[in-house]
Amino acid sequence: MLLNIEDLHATVEDKPVLKGIDLKIEPGQVHAIMGPNGSGKSTLSKVVAGHPSYEVTGGKVSFEINFKDTDLLELDPDERAREGIFLAFQYPVEVPGVTNLEFLMTSYNALAKHQGFPEMQEEAFLPFVKEKMKMVQMREEFLYRSVNGGFSGGEKKRNEILQMAVLNPRLAFLDETDSGLDIDALKIVAEGVNNLRSKDNGIVLVTHYQRLLDYIKPDFVHVLSDGKIIKSGGPELALKLESEGYDWIQ
Amino acid sequence: MPKSSELLSEQSEYKYGFYTDIESLNFGKGLNEDIIRKISLRKKEPEWLLEYRLKAFKHWLTLRPPEWADLDFVPIDFQEISYYSEPKPKDDSDKPQSLDDLDPELLKTFERLGIPLGEQKRISGVAVDVVFDSVSVGTTHTEELKKYGVIFCSISEAVHDYPDLVKKYLGSVVPYKDNFYAALNAAVFSDGSFVYVPKGVKCPIDLSTYFRINAMDTGQFERTLVIADEGSYVNYLEGCTAPQRDENQLHAAIVELVALDDAEIKYSTVQNWYTGDKEGRGGIYNFVTKRGLCKGKRSKISWTQVESGSAITWKYPSCVLQGDYSQGAFYSVALTHDFMQADTGTKMIHVGKNTKSTIISKGISSGQSKNNYRGLVKVMPKAEGARNYSQCDSMLVGDRCSANTYPYLEVKNKTAILEHEASTSRISEDQLFYLQSRGMSMEESISLLVNGFCKEVFKELPLEFAVEAVKLIEMKLENSVG
């Protein structure tokens, strides 16, 4: 099992947000987590990535590292990333003065070094990253602009998927990557994600809308409400939510 | 990982905070004519210099400390400071003949500071003048430089050996009437460095001065004079440290640069005076007047500074662009943490025609510190075609510090073109988390953020200095965020 979350409780500023989450993810699976605003969807992805503002108050999160279940909560966010956990941010952060190229390369090399791959210098890295950029239809000039600096909402989201493509994570959480995207951008992002699907990695789509799931077919859909998963099912569950809303479950 | 509320900084262990136990010759506390005469006598100065000092002192008595800077501190009691302290010579003879003959304690001190002075261990490629409290204790590479006609020695030696040059230029860029601290320095300055690069000579190695304050209750009042004759070039570096103490200590220096026709002076500083502890106790009060005169046509002066130390920094390295087509530049990174206060910036005075100036200022504040940029761009009536570009960026770490930008403009010629850009950003927990979630450690993340922010300034520093500066800033910030 790639990820095993058991009875996870977490608070932010002493306010309980996650109130007993159970979730198991096997390699090759795509899970969608849906739910109304404030249900704890974003919190779940941030807790898995290790955001310092959230405090885990109970439960377990184990992640398979070198065929061994490892307590993820013991690791710092950067250690988790180096083990192959990736979070596509709902609101990607700007990093002034640091070019996207520098950022991607530093990040790639941090992971490569840890995972025992050869690190790349600019010469080798450029063709590698340009290839990945094609997939999300980003122009080369974005490499030389500062990270997310002056990017439109859609460009920021595509930049997240680009990072995912460069880092090739074993487990990716996409936190409302679809929100604020027009239909063309949504298709580009979805295609990017589909390209990155493999039998070895797991993907978790955190989303508010069924729309994204028209383009990325999940294996499982979970409904989160008030910090708990209240219903799980197949893709048909998402469709039902779309037509009937959340009220019928609660 | 820290919480926002824990972003308050913790002062790192200041590795230069040690004290050298060495016997010193000290004139005691207090400032009066007698002390000034004693300093002058001790240095066997000519009459004209003593008169200059006394005139400056009389003028100083009529002045009050400037209050316009955005700094908050208990007024300095100038009678509680000792104005002269030198390591006691072994006998009454003059300075040791060779650096190898220096008091071993002094050699050890500078070695610990990373400035080996012994003939065998010296850093090649950089000549160093080392100033310990009130005196220059030695200068390296002087003989080698002489072959090129470059004079590099302490200003006390220059007064004796090159009186004409000193007389001609001392106080010509920063007159003693310039300001309160300039008058004070002119009255009591004890040592500092002197540089003269002759016509057409590109100084073959970098020159540098290392300032060390050691004695208790003692101020350091050094004076540096750099003259680049026609068509010459010199790269000058400056570093400074002091022991860790609960009392504040005053450092009031003057630096004067003169560039004649087609000459270029690059002056870089990494200032790392003791900052005070995390409650704001102790630290150096750094009140410095630095000014360069682009006297000749097409001359160039650039100031690059990394201000990472001192409890209080009051410093505005400036350029007077007198020669036509002359150029001035100011590149600055100022870092404040804990209770530090910095009010720093520059003045660019355009006098000649087609003069050009560039200002790039980066302020980083953390803890409960205050970090201000204060700058003036002045275009005189006859300065046809003057151009200035200014960029002032501030970065805040945590939410209890402050940053302000005070850009002043005085333009008296319609042909001037001035551009100004400014920004304020914040290193936030989210930014750090973003970088960490991409696999970068806390150190790598901070380093990337700071490097990105300061890139335009660091690239102006000589390579080894830049590496040093990056490390220094990273170390101080790491302690601020983690």
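### A few points about the overall build of chain B
Part 1: Secondary structure summary: chain B contains 10 helices and 23 strands in total.
Part 2: Its C-alpha radius of gyration of 22 Å places chain B within 12% of the 23 Å reference for a compact globule of 482 residues.
Part 3: Projecting the C-alpha coordinates of chain B onto the three principal axes gives extents of approximately 65 × 55 × 45 Å.
Part 4: Within chain B, buried positions represent 62% of all 482 residues.

### So, the overall build of chain A
Part 1: Scanning chain A from N- to C-terminus turns up seven helices and 12 strands.
Part 2: By the compact-globule yardstick of 18 Å for 250 residues, chain A fits well, its C-alpha radius of gyration being 18 Å.
Part 3: Its C-alpha atoms put chain A at 55 × 40 × 35 Å along the principal axes.
Part 4: When each of the 250 residues of chain A is scored for burial, the buried share is 56%.
Part 5: Once local pairs closer than 6 in sequence are excluded, the contacts in chain A between residues at least 24 apart make up 67%.
Part 6: Approximately 10,900 Å² of chain A is accessible, and the part contributed by carbon and sulfur atoms is 48%.

### Notes on the environment of Cys392 of chain B
Residue and element names in this part refer to chain B.
Part 1: Its place among the elements puts Cys392 in strand S21 (residues 387–397).
Part 2: Overall, Cys392 belongs to the buried group, its relative accessible area being 2%.
Part 3: Along the chain, Cys392 and Asn404 lie 12 residues apart, while their C-alpha atoms are 9.8 Å from each other.
Part 4: In contact with Cys392, other than residues within four places in its own chain, are Ser361, Tyr373, Thr405, His420, Glu421, Ala422 and Ser423.

### As for the pattern of salt bridges
Part 1: Scanning all chains against the criterion turns up 36 salt bridges over all chains.
Part 2: Across the pair Glu102 of chain A and Lys455 of chain B runs a salt bridge, and its minimum N-O distance is 3.3 Å. Taken together, the positions of Glu102 of chain A in helix H3 (residues 100–115) and Lys455 of chain B in helix H9 (residues 442–458) put the pair across two chains.
Part 3: Of the charged contacts in the structure, one is a salt bridge between Glu140 of chain A and Lys130 of chain A, with a shortest N-O distance of 3.2 Å. Of this pair, Glu140 of chain A sits in the loop between helix H4 (122–135) and strand S8 (146–147) while Lys130 of chain A sits in helix H4; the two residues are 10 residues apart in sequence, bridging distant segments of the chain.
Part 4: Overlapping salt bridges, with partners in common, bring together Arg139, Glu141 and Arg145 of chain A in one network.

### Digging into the packing of H4 of chain A against helix H5 (residues 153–167) of chain A
Residues and elements named next belong to chain A.
Part 1: Packing of H4 against H5 leaves a shortest axis separation of 9 Å and a crossing angle of 130°. With respect to each other, H4 and H5 are oriented oblique. Pair H4 / H5 crosses with right-handed handedness. Between H4, through Phe125, Phe128, Val129, Lys132, Met133 and Met135, and H5, the contact on the second element is made entirely by Leu162, Ala165 and Val166.

### A closer look at the interface of chain B and chain A
Part 1: The interface is formed by 22 residues belonging to chain B together with 35 residues belonging to chain A.
Part 2: Summing both sides of the interface, chain B and chain A together bury roughly 2,200 Å²; the carbon and sulfur share of this comes to 64%.
Part 3: Contact with chain A buries surface across chain B, with Phe433, Tyr434 and Arg438 of chain B losing the most and accounting together for 35% of the total.
Part 4: The tally of links from chain B across to chain A stands at two salt bridges.
Part 5: Across the chain B-chain A interface, the total number found is 14 residue pairs in polar contact (both at pLDDT 80 or more).
Part 6: For the side of chain B that touches chain A, the secondary-structure elements that each account for two or more residues are helix H8 (429–436) and H9 of chain B.

### Observations regarding the layout of surface pockets
All names here are of chain B.
Part 1: Quantified by volume, the second largest pocket comes out at close to 690 Å³.
Part 2: Taken together, 25 residues form the lining of the second largest pocket, with Leu113, Ile115, Tyr210, Phe465 and Glu468 sitting closest to its centre.
Part 3: Elements with a minimum of two residues in the lining of the second largest pocket: strand S3 (126–132), strand S7 (206–212), strand S9 (233–241) and helix H10 (463–481).
Part 4: By residue number, the principal contributor to the lining of the second largest pocket is H10, which donates six residues.

### Description of the pairing of strand S15 (residues 312–315) of chain B
Residues and elements named next belong to chain B.
Part 1: The side-chain alternation of S15 yields two buried faces, one formed by Ile312 and Trp314 and the other by Thr313 and Lys315.
Part 2: As paired elements, strand S13 (residues 283–294) and S15 share four bridges and run parallel to each other. For Phe287, the partnering residue across the bridge sits in S15 and is Trp314.

### Considering the sheet that holds strand S5 (residues 68–71) of chain A
All names here are of chain A.
Part 1: One open sheet holds the four strands; their spatial order is S2-S1-S4-S5, and the pairing between them is antiparallel. Every other strand in the sheet has two partners, leaving strand S2 (15–25) and S5 as the edge strands with one partner each. Strand-to-strand twist across the sheet, computed as the mean angle between neighbouring axes with direction ignored, equals 15°.
Part 2: Direction of pairing for strand S4 (residues 54–65) relative to S5: antiparallel, over a ladder of four bridges.

### What to know about the confidence of the model for chain B
All names here are of chain B.
Part 1: Mean pLDDT over chain B works out to 88, with 94% of the residues at or above the 70 mark.
Part 2: Between residues 1–12, whose pLDDT stays under 50, and residues either more than four places distant or in other chains, the model counts 36 contacts.
Part 3: With pTM at 0.81, the complex prediction returns an ipTM value of 0.96.

### What to know about the environment of Ala386 of chain B
Residues and elements named next belong to chain B.
Part 1: Position of Ala386 relative to the elements: it lies in the loop between strand S20 (370–379) and S21.
Part 2: On a C-alpha basis, the gap between Ala386 and Val197 in space is 28 Å, while along the polypeptide they are 189 residues apart.
Part 3: Every residue in contact with Ala386, bar those within four places of it in the chain, is listed here: His350, Thr355, Val379, Thr415, Ala416 and Ile417.

### A few points about the side chain of Asp191 of chain B
All names here are of chain B.
Part 1: Relative to the elements of secondary structure, Asp191 occurs in the loop between helix H7 (180–188) and strand S6 (193–197).
Part 2: A polar contact is formed between the side chain of Asp191 and the backbone nitrogen of Ser136, at a distance of 2.8 Å.
Part 3: The contact partners of Asp191, leaving out residues within four places of it in the chain, are Lys43, Ser134, Val135, Ser136, Ser154, Ile155, Ser156, Phe221, Glu222 and Arg223.

### A closer look at the sheet that holds strand S17 (residues 327–336) of chain B
All names here are of chain B.
Part 1: Spatially, 10 strands are ordered S4-S3-S7-S9-S12-S14-S17-S19-S21-S23 in an open sheet, and the strand pairing comes out mixed. The open sheet has two edge strands with one neighbour each: strand S4 (135–139) and strand S23 (417–427). Direction aside, neighbouring strands of the sheet carry axes that sit 10° apart on average.
Part 2: Judged from the eight bridges that link them, strand S14 (residues 300–307) and S17 form a sheet pairing that is parallel. Paired with Gln305 across the two strands is Ser332, which belongs to S17.
Part 3: Strands in contact with helix H3 (residues 104–112) are S3, S4 and S7; relative to S3, the strand with the most contacts, it is inclined by about 120°.
Part 4: Running at roughly 155° to strand S19 (residues 356–365), H9 makes contact with S14, S17, S19, S21 and S23 of the sheet.

### A look at the side chain of Thr336 of chain B
Residue and element names in this part refer to chain B.
Part 1: Here Thr336 lies in strand S17.
Part 2: Overall, Thr336 belongs to the buried group, its relative accessible area being 1%.
Part 3: A polar side-chain atom of Thr336 sits 2.7 Å from a polar atom in the side chain of Ser369.
Part 4: Excluding its chain neighbours within four sequence positions, the residues that come into contact with Thr336 are Gln341, Ala342, Ile364, Ser365, Ser366, Ser369, Lys370 and Asn371.

### Digging into the packing of helix H2 (residues 47–61) of chain B against H7 of chain B
Residues and elements named next belong to chain B.
Part 1: It is at 7 Å that the axes of H2 and H7 come closest, and there the two elements cross at 145°. For the pair H2 and H7, the sense of crossing is left-handed. Between H2 and H7, the residues in contact are Tyr52, Arg53, Ala56, Phe57, His59 and Trp60 and Phe180, Ala183, Leu184, Ala186, Ala187 and Val188, respectively.
Part 2: Here the contact of H2 with H7 is composed, by residue class, of 10 nonpolar, one polar and one charged.

Parameters at a glance
- Residues numbered from 1 in each chain as written.
- Chains lettered and ligands numbered in written order.
- Predicted model: local features only at pLDDT ≥ 70, side-chain atom pairs only at ≥ 80, totals over all residues.
- Heavy atoms only, no water.
- Helix = DSSP H or I, 4+ residues; strand = E, 2+ residues; numbered from the N terminus.
- Rg over C-alpha atoms; globule rule 2.2 N^0.38 Å.
- Buried < 20%, exposed > 50% of the residue type's maximum accessible area, 1.4 Å probe, protein only.
- Contact = heavy atoms within 4.5 Å.
- Areas by Shrake-Rupley, 256 points an atom, 1.4 Å probe, with all protein chains shown as cover.
- Salt bridge = Lys/Arg side-chain N within 4 Å of Asp/Glu carboxyl O.
- Axes fitted to C-alpha atoms, helices over the stretch in contact; angles between N-to-C directions.
- Parallel < 35°, antiparallel > 145°, perpendicular 65-115°, else oblique.
- Left-handed = near helix turned anticlockwise from the far one by under 90°.
- Buried area = accessible area lost by both parts, 1.4 Å probe.
- Polar contact = N/O pair within 3.5 Å; in protein donor to acceptor, adjacent residues only side chain to side chain.
- 1 Å grid on protein atoms, 1.4 Å probe; cavity = no way out; pocket = protein on both sides within 12 Å on 5 of 7 lines; lining within 4 Å.
- Points joined across faces, edges and corners; volume = space filled by probe spheres on them.
- Pairing = 2+ DSSP bridges.
- pLDDT = per-residue confidence, 0-100.
- Nonpolar A, V, L, I, M, F, W, Y, C, P; charged D, E, K, R; others polar.

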